[in-house]
Amino acid sequence: MISSRSVIAPRTLSPCAPAASITAPDILGDASNAYVPYLEYAAACWRRSHELPLWKATASCGAPYVGNGESAVFFPTNLLSILIGAPAWVHAAQALCQLVTAAFGAYLLARHLGMSFTAALLTGLTWSLGGFNSAFRLYTPANISALLPWLLLYGDRLVQAPSARRLAPFALVAGLQH
């Protein structure tokens with residue numbers, strides 16, 4: 001039997017079932033109904049006035065836009081997407097960037113911790129293709145999880161030998177996680 005919490009479960013288990021029967025959550029709904037419009041809204045504002053929107057007047061009675069963590073305006077892939085106009089293919093490119101960033105960061109962290117090449121490669125693949133990162137690839141928390149191995153890597157290097165040179169990449173990655 002397919003669980004009602006399954007990501008791949010169909011909308012209803014039977015065409016004869018009542019409308020309120022067991023349904024699967026629409027896990028991509030937020031991506032297509034919130035995150036994509038956030039990006040398109042910012043790109044439209046940028047095209048119109050060459051300014052990033054501070055406020056989104058079309059959200060209920062209005063809501064902060066830049067201060068909203070869900071918009072993630074200053075995350076590098078989002079900012080670049082806004083500046084180039086958020087074309088339709090940009091979401092696939094963002095997902096690929098997250099995938100590669102997460103995999104490479106986990107690989108480097110594993111090598112830093114003394115794992116073999118094969119174990120580090122498996123670590124990178126497992127982290128980037130794991131459940132959370134795969135299910136939430138188009139959501140803003142995936143931006144943070146892609147950078148988590150980098151933060152841990154730079155944090156460990158900083159603790160081992162504190163210096164301004166080691167603090168800079170740690171601070172940069174920590175700052176990007178908003």
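Scroll up a little and you will see the structure.
Bear in mind the structure is a predicted one, so any value in this text is a computation, not a measurement.

### Here's the deal with the overall build of the chain
For the chain, the helix and strand inventory stands at seven helices and two strands. Reading the chain from its N terminus to its C terminus gives the helix and strand order α-β-β-α-α-α-α-α-α. For the chain, the residues scored as buried account for 34% of the 178 residues in total. A separation of at least 24 residues holds for 46% of the contacts in the chain among residues at least 6 apart in sequence. Entry remark: accessible area of the chain is about 10,600 Å², with carbon and sulfur atoms responsible for 69%.

### Some remarks on the packing of helix H2 (residues 76–83) against helix H3 (residues 90–112)
For any two helices packed against each other, one specifies the crossing angle of their axes together with the interaxial distance. Running from N to C, H2 and H3 cross one another at 160 degrees; their axes reach a closest spacing of 10 Å. Here H2 lies roughly antiparallel to H3, going by the angle between them. When the axes of H2 and H3 are compared, the crossing they make is right-handed. In this structure, H2 uses Thr77, Asn78 and Ser81 to contact H3, whose residues at the interface are Val90, Gln94 and Cys97. A breakdown of the residues in the contact of H2 with H3 according to their chemical character gives two nonpolar, four polar and no charged.

### Some thoughts on a nonpolar patch on the surface
A cluster of nonpolar side chains, Leu80, Leu83, Ile84 and Trp89, forms an exposed patch at the surface whose accessible area comes to about 430 Å². Looking at the secondary structure, you find Ile84 in the loop between H2 and H3.

### With respect to the nonpolar core
In this structure, Tyr35, Leu39, Tyr65 and Ile82 are the most contacted members of the largest nonpolar core, which totals 13 residues. If one sorts the elements of this core by residue count, helix H1 (residues 29–49) sits on top with six residues. With seven residues, the next largest nonpolar core counts Ala72, Leu147, Trp150 and Leu151 among its residues.

Reading the values: the criteria
Residues numbered from 1 in each chain as written. Predicted model: local features only at pLDDT ≥ 70, side-chain atom pairs only at ≥ 80, totals over all residues. Heavy atoms only, no water. Helix = DSSP H or I, 4+ residues; strand = E, 2+ residues; numbered from the N terminus. Buried < 20%, exposed > 50% of the residue type's maximum accessible area, 1.4 Å probe, protein only. Contact = heavy atoms within 4.5 Å. Areas by Shrake-Rupley, 256 points an atom, 1.4 Å probe, with all protein chains shown as cover. Axes fitted to C-alpha atoms, helices over the stretch in contact; angles between N-to-C directions. Parallel < 35°, antiparallel > 145°, perpendicular 65-115°, else oblique. Left-handed = near helix turned anticlockwise from the far one by under 90°. Nonpolar A, V, L, I, M, F, W, Y, C, P; charged D, E, K, R; others polar. Patch = residues over 30% accessible without salt bridge, like charges linked within 9 Å, V, L, I, M, F, W, Y side chains within 5 Å. Salt bridge = Lys/Arg side-chain N within 4 Å of Asp/Glu carboxyl O. Core = buried A, V, L, I, M, F, W, Y, C linked by side-chain atoms within 4.5 Å.

Interpretation in functional terms is not warranted from these geometric data alone.
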